[in-house]
Amino acid sequence: MDFLGEGFRRAWVLLSLGDSEVYGIAALTLKVAALATIISCAAGLPLGYFLATRRFWGRRAALTVVNTALAFPTVVVGLLLYGLLSRQGPLGGLGWLYTWQAIVLGDVILALPIAAALSAAAIQGVDARIRRTAETLGAGRWRTAWTVAREARFALAAVLTAAFGQCVAEIGAAMIVGGNIRGSTRTLTTAVALYTSQGDFGLALALGLVLVLLALVINVVLQVLQGRGHA
Amino acid sequence: MLELRDVRHRYAGRVVLDLPHFALPRTGMVAVVGHNGAGKSTLLRLLALLEAPTEGTVRLDGAVVPHRVPTTLRRRVTLVEQRPMLFRGSVRENLVYGLQVRGMRRTAMNGIIAETVERLGLAPLLERRRHELSEGEIQRVAVARALALRTDVLLLDEPASSADRAAAGALYRALAAERVARPFAVCIASHQLEDAYRWADDIRALADGRLSPVTPENLFRVELPPGEGLKSVRVGTIDIVVMTDRVGSAVLAVPATDMFVSREPLASSARNVFSGRVTGMAIEQRGAGVHVRADMGGVELVAAVTAQAARELALAPGSAVVFSFKATAVQVF
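Residues numbered from 1 in each chain as written. Chains lettered and ligands numbered in written order. Predicted model: local features only at pLDDT ≥ 70, side-chain atom pairs only at ≥ 80, totals over all residues.

Asks: Explanation requested: the overall build of chain A in the structure shown.
Replies: Scanning chain A from terminus to terminus reveals 11 helices and zero strands. Judged by the C-alpha coordinates and their principal axes, chain A covers about 65 × 50 × 30 Å. Each of the 231 residues in chain A was classed as buried or not, and the buried ones make up 40%. Nonlocal contacts in chain A, meaning residues at least 24 apart in sequence, comprise 76% of its contacts between residues at least 6 apart. (Helix = DSSP H or I, 4+ residues; strand = E, 2+ residues; numbered from the N terminus. Buried ≥ 20, exposed ≤ 12 C-beta atoms within 10 Å, placed from the backbone. Contact = placed C-beta atoms within 7 Å.)

Here you go:
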């Protein structure tokens with residue numbers, strides 16, 4: 001158990017000294033995760049609303065697909081994305097392989113089903129009368145959606161948290177399409193994996209702590225924002 | 001001007017509403033009465049343009065309302081549901097919601113809100129939030145929220161179901177005052193027949209999704225025995241004699257106007273004679289008729305008589321009364 005204590009000590013030193021590599025990796029992770037969360041929620045929340053409120057042919061199948069995608073293995077997504085982004089792949093022209101953009105893309109693919117499925121569940125949890133009432137009071141489609149979303153704000157905030165959690169903790173796809181390149185595509189998770197395999201527990205633990213801290217800060221911020229709204 | 005034509009509406013294949021024609025006049029108050037499950041709420045949802053009928057059309061000013069209802073059309077009609085829902089936020093925020101979505105200016109909005117609040121006595125509730133309100137208060141706020149929009153058609157589903165009698169009276173008086181200030185169409189679904197008779201200009205009864213020629217007081221679901229002609233059917237504690245060849249499940253309807261009312265049993269050809277006590281009396285809006293409600297040993301019957309007849313018979317709640325009607329007066333659905 002000595003290595004754990006040693007690891008914590010090392011982590012403390014690195015964090016308190018403001019180690020540039022640690023903070024650089026943390027900054028990239030935050031950028032990638034934030035961007036991927038914004039994109040996946042910007043697409044996933046409306047998709048969830050649509051799935052929850054519209055009755056159309058194939059809706060059940062669409063919900064099944066979205067729910068199945070929740071359990072999609074991240075390495076498989078990484079692999080497929082690798083095929084798409086590699087030089088011979090259909091998206092090879094983008095030149096995104098081994099860039100942080102590729103990691104964002106992977107995270108978006110993984111977080112989108114989470115955002116869609118959970119927001120669909122959140123919207124379905126809102127009393128159907130809210131939507132009808134908004135409509136009978138003359139609200140257009142967007143205003144109605146906004147009104148319903150406001151009622152589900154706690155559950156939707158949880159969707160954001162879950163999507164961010166997926167993006168910030170993702171490793172499979174990030175490793176494959178990002179390549180874990182120092183100073184360019186090394187995220188907290190890929191770095192932890194690398195340093196652990198190299199036996200550098202201190203650094204790995206320091207990065208692990210930053211990861212936990214990031215998640216904590218984001219959750220606290222979201223909770224504070226939620227707390228501002230009353231019933 | 002708001003009408004349903006050849007409407008058949010189904011839920012899961014079952015016809016819940018079957019109305020060849022149902023129209024709301026441009027002004028005036030129509031009450032739709034009927035048992036739970038008669039189709040009142042469904043009818044209001046169709047009229048509110050919230051649902052499109054499975055078959056048939058909804059027309060506004062003669063023009064067919066398209067399946068995808070334009071917001072401009074929807075804004076001409078509003079509905080207060082039976083158990084209305086307030087949005088999160090204060091009562092005031094709820095009241096301005098519909099005006100805001102119409103892009104109304106703040107000063108105009110404030111004027112309308114002040115007037116509506118005054119009319120429905122909501123001033124003390126303005127800054128309260130929904131969890132601080134009783135069911136009755138929520139209902140009043142919901143009616144105010146709809147009334148403030150000044151729509152051409154106001155639909156109310158059991159607007160006084162959670163209110164006590166005084167609050168219900170206040171609500172109907174506020175509606176009446178609003179109608180004096182501004183002509184618009186009101187359609188109320190209610191099982192409170194007294195309210196319907198007192199406040200509405202026109203009463204329509206729904207039974208099993210169809211317009212019924214009688215108000216629902218004297219509607220009875222029965223099992224008709226086999227055979228033809230005269231049959232005696234058990235309804236609660238009484239036996240109703242009916243003339244029909246129908247067999248099996250049916251609804252019996254006895255028009256309140258086909259009921260003879262007397263203090264003593266009459267020597268007559270009526271096959272149905274029931275003695276009981278008056279439990280309530282309601283005067284129709286125009287004052288010409290009185291609806292006498294009587295308990296015939298556990299079964300409630302309602303008869304319509306003229307105000308003069310009610311006076312001559314000295315009918316009052318608690319007094320003994322006899323209702324008689326012919327077997328052929330009983331309609332079978």
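Read on for the rest.
Asks: For this particular structure, what's the right way to read the sheet that holds strand 20 (residues 331-332) of chain B?
Replies: Strand-to-strand pairing in sheets goes through backbone hydrogen bonds, with the strands running parallel or antiparallel. Pairing is antiparallel across the open sheet formed by three strands, whose spatial order is 11-14-20 (chain B). Taken across any chain shown, the strands that pair with only one partner, and hence form the sheet edges, are strand 11 (219-224) and strand 20 of chain B. (Pairing = 2+ DSSP bridges.)

Asks: Looking at this structure, I do not really get the nonpolar core. What am I missing?
Replies: The tendency in soluble globular proteins is for nonpolar side chains to be buried side by side. Counting residues in each nonpolar core, the largest one holds 155 residues, and the members touching the most others are Ala115 and Leu207 of chain A together with Leu155, Cys187, Val292 and Ala303 of chain B. What Val292 of chain B contacts, discounting residues up to four positions off in sequence, is Val261, Val278, Met281, Val302, Ala303, Val305, Ala310, Leu315 and Val321 of chain B. (Core = buried A, V, L, I, M, F, W, Y, C linked by C-beta atoms within 7 Å.)

Asks: Honestly, the sheet that holds strand 9 (residues 202-207) of chain B in this entry has me stumped. Any pointers?
Replies: Residues and elements named next belong to chain B. Strand order in the open sheet formed by six strands is 6-7-8-3-9-10, with mixed pairing between adjacent strands. Across the chains shown, the open sheet's two edge strands, defined by having one partner strand only, are strand 6 (77-80) and strand 10 (210-212). The sheet shows a mean angle of 25° between the axes of neighbouring strands, taken without regard to direction. Two strands pair when backbone bridges link them, and strand 9 and strand 10 are joined in this way by three bridges, in the antiparallel orientation. Within strand 10, the position partnered with Ala205 by the bridge is Ser212. Helix 5 (residues 135-147) contacts strand 6 and strand 7 (153-157) of the sheet and is inclined by roughly 180° relative to strand 6. (Axes fitted to C-alpha atoms, helices over the stretch in contact; angles between N-to-C directions.)

Asks: Quick question: what am I supposed to make of helix 2 (residues 20-53) of chain A here?
Replies: What sets the pattern is the α-helix's 3.6 residues per turn: residues three or four places apart point alike. The end-to-end C-alpha distance of helix 2 of chain A is 48 Å, a good match for the 50 Å that 34 residues give at a rise of 1.5 Å each. Maximal helix bending in helix 2 of chain A amounts to about 25°, located at Cys41 of chain A. (Expected span 1.5 Å × (residues − 1). Bend = angle between axes of the 7 residues up to and from the residue.)

Asks: What is the right way to read the interface of chain B and chain A from this model?
Replies: Much of the literature gives interface size as the accessible area that the parts lose upon coming together. Each partner contributes to the interface: chain B provides 19 residues, whereas chain A provides 17 residues. When residues in the side of chain B that touches chain A are grouped by element, the largest group, three residues, is from helix 3 (residues 91-101) of chain B. Taken together, the residues of the side of chain B that touches chain A sort by class into eight nonpolar, four polar and seven charged. (Nonpolar A, V, L, I, M, F, W, Y, C, P; charged D, E, K, R; others polar.)

Asks: I would appreciate a short explanation of the packing of helix 2 of chain A against helix 5 (residues 100-124) of chain A in the present structure.
Replies: Geometrically, a packed helix pair is captured by the angle between its two axes and the distance between the axes. Residue and element names in this part refer to chain A. In contact at an axis separation of 6 Å, helix 2 and helix 5 are set at 35° when each is read in the N-to-C sense. Seen along the crossing, helix 2 lies across helix 5 with a hand that is right-handed. Its residues placed into classes, the contact of helix 2 with helix 5 shows 24 nonpolar, seven polar and one charged. (Left-handed = near helix turned anticlockwise from the far one by under 90°.)

Asks: When you look at unusual backbone geometry in this model, what are you seeing that I'm missing?
Replies: Most of the time, phi is negative for any residue but glycine, and the peptide bond is trans. Located in the positive-phi region is Tyr98 of chain A, a residue other than glycine, with phi close to 65°. Of note, Ala12 of chain B is a non-glycine position whose phi angle comes to about 50°, a positive value. Of note, Ala12 of chain B is situated in the loop between strand 1 (2-11) and strand 2 (14-24).

Asks: Please clarify how the environment of Ala173 of chain A should be interpreted in this entry.
Replies: Residue and element names in this part refer to chain A. Relative to the helices and strands, Ala173 resides in helix 9 (residues 172-178). A tally of 26 C-beta atoms within 10 Å means that Ala173 is categorised as buried. Note: C-alpha distance between Ala173 and Thr74 (99 residues apart in sequence) is 5.5 Å. Apart from residues lying up to four places away in sequence, Ala173 is in contact with Thr74, Val77, Gly78, Leu81, Gly106 and Leu110.

Asks: I'm lost on the environment of Ala267 of chain B in this one. Help?
Replies: Residue position: Ala267 of chain B is located in the loop between strand 15 (260-262) and strand 16 (272-283). As a C-alpha pair, Ala267 of chain B and Gly227 of chain B span 40 residues in sequence and 28 Å in three-dimensional space.

Asks: Before we go on, may I ask you to explain the packing of helix 3 of chain B against helix 4 (residues 106-120) of chain B in this structure?
Replies: Residues and elements named next belong to chain B. Between helix 3 and helix 4, whose axes approach to 10 Å, the crossing angle comes to 135°. Taken together, the axes of helix 3 and helix 4 are oblique relative to one another. Pair helix 3 / helix 4 crosses with right-handed handedness. Along its contact with helix 3, which presents Leu95, Val96 and Leu99, the element helix 4 presents Met109, Ile112, Ile113 and Thr116. Partitioned by chemical class, the residues of the contact of helix 3 with helix 4 number six nonpolar, one polar and no charged. (Parallel < 35°, antiparallel > 145°, perpendicular 65-115°, else oblique.)

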